[in-house]
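# Chain and residue survey
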Amino acid sequence: MKQFMKSILLQGTGGPEKLVMVDAPIPVPKAGEVLVRVKAASVNAVDRRVREGYLSEWIPKPYTAGTDFSGVVEAVGPGSDLTVGSKVFGGIAPNSGCYAEYVVYQASELATIPDGVSFEQAAALPVAGLTAWAAVMDSVKLAPGARVLIQGAAGGVGHLAVQLAKLAGAHVTATASEKNLDFVRSLGADQVLDYRQSGFEQHLHGLSLVVDGVSAAGMARIYPAMNNGATLVSLFEAPPPAPVGIRTQHVATKTSRDRLTVLAELVASGKLVVNISGVFPLSAAGLAQESGKQGKIVLRP
């Protein structure tokens, strides 16, 4: 096997020019780890935000970029429960280093890819799928018919959150820009609103759960439409102070082989659709982060 690989190094905070392709040594798996030949790496909003300075106090630069991925196990360290040739996916940390031809990862945090799920679909699941699951399924117990608002419903997390809320039996209102309204309707949303239209919040009422994947700055105008005891889950910024009776929280996402397996099985069965709207070569990582396409975008080394 060759000793060097292509990888994308994030050299500092700023624009897409900070993502530079370099030659790097292929890592060697330690105890409990596996070496995966990356078949697809997901592009997430958090990847772009990290590049722009989000979490800069926690993530030193430079480092190999990338968050979640799929691929084939090429080598195993001592104590791994995976075998060479296994098709796997996983990742959750913003610096997993998967914008590369190879990545080393903890075997226990990877799940196998079931038949009927592509490498691109699998790579798109960990961050977006686990975040959507935590926001919709873990934050509250939704009663059948409960009203849910998903803001940013055309995005990577949002388009999965809409579908999970429908699977839970909720009435889903979703917001998106005008160009993405038909796409969001195709996901099964009961009501679709253009968030750029002034006064769209007048169409909201009786909300039990709000998942905000756009900007928490505008949440104050949504609060009057939320029930007493409702929950707001913010994916990024802290929301403004909420009225008494409304609970606010940041989504807490952790990697879980069991949860990844459930998500992949939902995709394999056709109950959950991962929309792959763009596939870029590894060398175009910066362009991919800036493309702003609906659904999910992946890199292919």
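Further up the page is the structure itself.
Report on the accompanying structure. Keep in mind it's a predicted model, so treat the numbers as computed, not measured.

Take the overall build of the protein next. Along the backbone of the protein there are 7 helices and 16 strands. Computed over the C-alpha atoms, the radius of gyration of the protein is 19 Å, within 12% of the 19 Å expected from 2.2 N^0.38 for a compact globule of 301 residues. Its C-alpha atoms give the protein principal-axis dimensions of about 60 × 40 × 35 Å. Per element, the accessible surface of the protein, about 12700 Å² overall, is 51% carbon and sulfur. Between the mean site of the 26 positive side-chain charges and the mean site of the 24 negative ones, the protein shows a separation of 1 Å.

Moving on to the sheet that holds strand β14 (residues 247–250). In spatial order, the strands read β11-β10-β9-β12-β13-β14; together these 6 strands make up an open sheet with parallel pairing. Where the open sheet ends on each side, the last strands, each with one partner, are β11 (191–194) and β14. Strand-to-strand twist of the sheet, defined as the mean angle between neighbouring strand axes without regard to direction, takes the value 15°. Relative to strand β10 (residues 171–176), strand β9 (residues 147–151) is paired through 5 bridges, and the arrangement is parallel. Paired with Gln151 across the strands is Thr175, a residue of β10.

Turning our eyes to something else, we now look at helix α6 (residues 257–268). Turn by turn, an α-helix covers 3.6 residues, leaving residues three or four places apart pointing in a common direction. Relative to the 16 Å expected for 12 residues at 1.5 Å per residue, α6 spans 16 Å between its end C-alpha atoms, a close match to the ideal helical length. Those residues of α6 that are buried lie in contact with β6 (87–90), β8 (111–112), α2 (119–123), α3 (126–138) and α4 (156–167). After α6 finishes, the residue Gly270 shows a positive phi value of roughly 85°.

The next thing to look at is the pattern of salt bridges. As enumerated under the stated definition, the model contains 11 salt bridges in all. Glu101 is the partner of Lys2 in a salt bridge, and the nearest nitrogen-oxygen pair spans 3.2 Å. Placement of Lys2 in the segment before β1 (4–10) and of Glu101 in the loop between β6 and β7 (102–106) is noted, with a sequence separation of 99 residues between them. We note a salt bridge from Lys166 to Asp190, for which the minimum N-O separation is 2.9 Å.

This brings us to the sheet that holds strand β2 (residues 19–25). Read from one edge to the other, the open sheet built from 3 strands follows the order β2-β1-β4, with strand pairing classed as antiparallel. Each of the sheet's edge strands pairs with one partner strand only, and the pair in question is β2 and β4 (63–64). The pairing of β1 with β4 spans 2 bridges and is classified as antiparallel. Opposite Leu9, over in β4, you have Thr64 as the bridge partner.

Let us now look at the packing of α3 against α4. Between α3 and α4, whose axes approach to 8 Å, the crossing angle comes to 45°. With respect to each other, α3 and α4 are oriented oblique. The hand of the α3/α4 crossing is right-handed. On α4, the residues touching Ala128, Gly129, Thr131, Ala132, Trp133, Val136 and Met137 of α3 are Gly156, Val157, Leu160, Ala161, Leu164 and Ala165. Here the residues of the contact of α3 with α4 sort into 10 nonpolar, 3 polar and no charged.

On to the side chain of Ser177, then. Within the secondary structure layout, Ser177 lies in the loop between β10 and α5 (181–186). Non-local contacts of Ser177, meaning those with residues more than four positions away in its chain, are made with Asp194, Tyr195 and Arg196.

Turning our eyes to something else, we now look at the packing of aromatic side chains. The geometry of an aromatic ring pair comes down to the distance between the two centres and the angle between the two planes. With the rule as written, the count across this model stands at 1 aromatic pair. Relative to Tyr105, the ring of Phe69 lies with its centre 5.4 Å away and its plane at 75°, an arrangement referred to as edge-to-face. Taken as a pair, Phe69 in strand β5 (residues 69–76) and Tyr105 in strand β7 lie far apart in primary sequence, 36 residues in all. Judged by its relative accessible area of 9%, Tyr105 is buried. Its guanidinium or amino end placed over the ring of Phe119, Lys87 lies 5.7 Å from that ring's centre, counting from NZ or CZ.

Axis separation between α3 and α6 bottoms out at 10 Å; the angle between their running directions is 95°. In terms of orientation, α3 lies roughly perpendicular with respect to α6. Every residue of α6 that contacts α3 at Pro126, Gly129, Leu130, Trp133 and Asp138 is listed here: Arg259, Leu260, Val262, Leu263 and Leu266. Taken together, the residues of the contact of α3 with α6 sort by class into 7 nonpolar, 1 polar and 2 charged.

As paired strands, strand β3 (residues 33–43) and β5 are joined by 7 bridges and run antiparallel to one another. Residue pairing across strands places Val36 opposite Val73, the latter belonging to β5. Bridge count between β5 and β6: 4 bridges; the pairing is antiparallel. In the strand pairing of β6, Gly71 is matched with Val88.

The rules we used
- Residues numbered from 1 in each chain as written.
- Predicted model: local features only at pLDDT ≥ 70, side-chain atom pairs only at ≥ 80, totals over all residues.
- Heavy atoms only, no water.
- Helix = DSSP H or I, 4+ residues; strand = E, 2+ residues; numbered from the N terminus.
- Rg over C-alpha atoms; globule rule 2.2 N^0.38 Å.
- Areas by Shrake-Rupley, 256 points an atom, 1.4 Å probe, with all protein chains shown as cover.
- Lys, Arg positive; Asp, Glu negative; His and termini not counted.
- Charge placed at Lys NZ, Arg CZ, Asp CG, Glu CD.
- Pairing = 2+ DSSP bridges.
- Axes fitted to C-alpha atoms, helices over the stretch in contact; angles between N-to-C directions.
- Expected span 1.5 Å × (residues − 1).
- Contact = heavy atoms within 4.5 Å.
- Salt bridge = Lys/Arg side-chain N within 4 Å of Asp/Glu carboxyl O.
- Parallel < 35°, antiparallel > 145°, perpendicular 65-115°, else oblique.
- Left-handed = near helix turned anticlockwise from the far one by under 90°.
- Nonpolar A, V, L, I, M, F, W, Y, C, P; charged D, E, K, R; others polar.
- Phe/Tyr/Trp six-rings, centres within 6.5 Å; stacked < 30°, edge-to-face > 60°.
- Buried < 20%, exposed > 50% of the residue type's maximum accessible area, 1.4 Å probe, protein only.
- Lys NZ or Arg CZ within 6 Å of the ring centre and 35° of its normal.

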